[in-house]
Amino acid sequence: MMLKLEETFMHFLLEHQERNNRTLKFLILMESIMNAAKSIQHYYNLAAIQDNLGQTGAVNVQGETVMELDRIAHELVMHALKESKQVMEATSEEEDEAIRLNGDGRYIVYFDPLDGSSNVKHSLPIGFLFGIVKRNLAGDEDYRLRKGDEFIASGMFMIPSGIFTFALKDAGAWRFLLSESGQYVRPTQLTLPTNPKTWELSYNSGNSTTFPTSVQSWLEKNTPKYAFRYAGALAVDFHRLLNNGGVFMYPPVVNHQDASKNRPEGKLRLLYECAVVAFIAKEAGGAAIDQNGAPILDIVPHKRHQRSALYVGSTSLIEELSSIVRQ
Ligand code: FDP
């Protein structure tokens, strides 16, 4: 039998940092983020074993202390970021305000610790998404919210599949697998397929009558050309998209029968959902726009938990959609 000696994420990143004359601080931060992902996976599996996911989405953590999985995930990520000592400020989907950590930290992290929460009670996969920026300004200015184009890296873990997708500024999008020894290994570069044969469309078809009419007409014309897939968790749907190409969209809700339910800015969050996948898409050769056709990576957030519509995927389809959404 041949020994399987795999390249680890740490080795991959070390080489990158050395090539670019960078510090090792980023490795320490990434180590803590990966540890948090593995811990989230542990609690997800624990809850599945206890058969608790189906009932409440909660886990019996210690004795009788029961916590919802999204709260557990938040606590695990915060603990890991704090211990790394590399993070100046963090924004979590689970907290209204920014969380100040280490004043000397070099990085700012935006994260969604548990994406796709409606999947939890069915024991279907979920995600943990993050984007990282490096501080570069003096004083309070450094705490301003950054556009995706200022990220140095972003990534998403698919849990419990153990798949980690990671994009580095100008250095590509990569996928790693969780090995039997608990390390992310086997870097594989991701490029969105240019051949439309494998392309798929992914959106909540139950909402389609609420989409802008120009988008509805585009879908009527294009749905017959491609396969349709929707898992209902961004990390999972975007994972498929990276393999097969096509478009994932969460358009604005503008034509709801009950006008109070319209969401002209869509549902997903700009900083730790849309910008994270847009950054990965760009590094994989794709593109992403919002409800006005603006590139997601160019949008400077004016609110921490700002929402945005999202169209992400193969560049030629996003270009088509860009003129459609402007109509
Ligand atoms: P969820 O509400 O289940 O947490 O982050 C929001 C998100 O999941 C995404 O992961 C997912 O793509 C989308 O919402 C699903 O929304 P719909 O149920 O409206 O399709």
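Everything discussed here concerns the structure shown above.
Presented here is an overview of the structure given in this document. Everything quoted here is computed from the prediction, not taken from an experiment. (Residues numbered from 1 in each chain as written. Predicted model: local features only at pLDDT ≥ 70, side-chain atom pairs only at ≥ 80, totals over all residues. Heavy atoms only, no water.)

### So, the site of the ligand
No. 1: As a matter of local geometry, the ligand sits amid 14 residues, with Asn204, Tyr230, Tyr250, Lys267 and Glu273 nearest to it.
No. 2: Within the backbone of Ser117, one N or O atom sits 3.0 Å away from an oxygen atom of the ligand.
No. 3: Note that an oxygen atom of the ligand is positioned 2.7 Å from one of the side-chain N or O atoms of Lys267.
No. 4: Protein burial of the ligand: of its 450 Å² of free accessible surface, 81% is covered by the chains.
No. 5: Residue composition of the shell around the ligand, by class: six nonpolar, five polar and three charged. (Near = heavy atom within 4 Å. Polar contact = N/O pair within 3.5 Å; in protein donor to acceptor, adjacent residues only side chain to side chain. Areas by Shrake-Rupley, 256 points an atom, 1.4 Å probe, with all protein chains shown as cover. Nonpolar A, V, L, I, M, F, W, Y, C, P; charged D, E, K, R; others polar.)

### Comments concerning the sheet that holds strand S12 (residues 227–228)
No. 1: Strand order in the open sheet made by the five strands is S12-S11-S13-S15-S14, with mixed pairing throughout. Whereas interior strands pair on both sides, the edge strands pair on one side only; in this sheet they are S12 and strand S14 (287–289).
No. 2: Bridge count between S14 and strand S15 (residues 310–313): three bridges; the pairing is antiparallel. If you follow Ala288 over to S15, its bridge partner there is Val312.
No. 3: On the sheet, helix H5 (residues 234–244) packs against strand S11 (200–202), strand S13 (246–250) and S15 and is oriented at approximately 160° with respect to S13. (Pairing = 2+ DSSP bridges. Helix = DSSP H or I, 4+ residues; strand = E, 2+ residues; numbered from the N terminus. Contact = heavy atoms within 4.5 Å. Axes fitted to C-alpha atoms, helices over the stretch in contact; angles between N-to-C directions.)

### Structural notes on the pairing of strand S3 (residues 87–92)
No. 1: Of all six residues in S3, six are buried; the element is thus mostly enclosed.
No. 2: Relative to strand S5 (residues 107–115), S3 runs parallel, the two being bridged by five bridges. Bridge pairing in S5 links Val87 to Tyr107.
No. 3: As paired strands, S3 and strand S4 (residues 99–100) are joined by two bridges and run antiparallel to one another. (Buried < 20%, exposed > 50% of the residue type's maximum accessible area, 1.4 Å probe, protein only.)

### Thoughts on the packing of H5 against helix H6 (residues 270–283)
No. 1: Contact geometry of H5 with H6 gives a least axis separation of 12 Å together with a crossing angle of 15°. By the angle between their directions, the pair H5 and H6 is classed as roughly parallel. Along this stretch, H5 crosses H6, giving a crossing that reads as right-handed. Contact with H5, carried on its side by Leu234, Phe238 and Leu242, involves Glu273, Val277, Ile280 and Ala281 of H6 and no other residues of that element.
No. 2: Of the residues contributing to the contact of H5 with H6, the split by class is six nonpolar, no polar and one charged. (Parallel < 35°, antiparallel > 145°, perpendicular 65-115°, else oblique. Left-handed = near helix turned anticlockwise from the far one by under 90°.)

### Quick look at the nonpolar core
No. 1: Counting 42 residues, the largest nonpolar core has Phe26, Met30, Phe128, Phe130, Phe157, Phe164 and Phe166 as the members making the most contacts within it.
No. 2: When residues of this core are assigned to their parent elements, the largest contribution, 10 residues, is made by helix H2 (residues 25–49).
No. 3: Not counting residues up to four positions away in its chain, the partners in contact with Phe130 are Met30, Ile33, Val109, Tyr110, Phe111, Ser154, Gly155, Met156, Phe157, Phe164, Phe166 and Val276. (Core = buried A, V, L, I, M, F, W, Y, C linked by side-chain atoms within 4.5 Å.)

### Some words on the pattern of salt bridges
No. 1: According to the stated counting rule, one finds 12 salt bridges in the structure shown.
No. 2: A salt bridge links Glu94 to Arg71; the nearest nitrogen and oxygen atoms lie 3.8 Å apart. Here Glu94, found in the loop between S3 and S4, pairs with Arg71, found in helix H3 (residues 69–84); they are 23 residues apart in sequence, far enough to count as distant.
No. 3: Note on Glu94: relative accessible area 24%, which makes it partly exposed.
No. 4: Residue Arg144 is joined to Glu150 by a salt bridge in which the shortest nitrogen-to-oxygen separation is 3.0 Å.
No. 5: Salt bridges here are not isolated pairs; linked through shared partners, they connect Arg71, Glu75, Glu94 and Glu95. (Salt bridge = Lys/Arg side-chain N within 4 Å of Asp/Glu carboxyl O.)

### Some points on unusual backbone geometry
No. 1: Cis rather than trans, the peptide bond between Ile159 and Pro160 has omega equal to 5°.
No. 2: Note that Pro160 resides in the loop between strand S7 (153–159) and strand S8 (163–168).
No. 3: Not every positive phi belongs to a glycine, and Lys85 is a case in point at roughly 65°.
No. 4: Residue position: Lys85 is located in the loop between H3 and S3.
No. 5: Backbone geometry places Ser123, a non-glycine residue, at a positive phi of 55°.
No. 6: A relative accessible area of 42% means that Ser123 is categorised as partly exposed.

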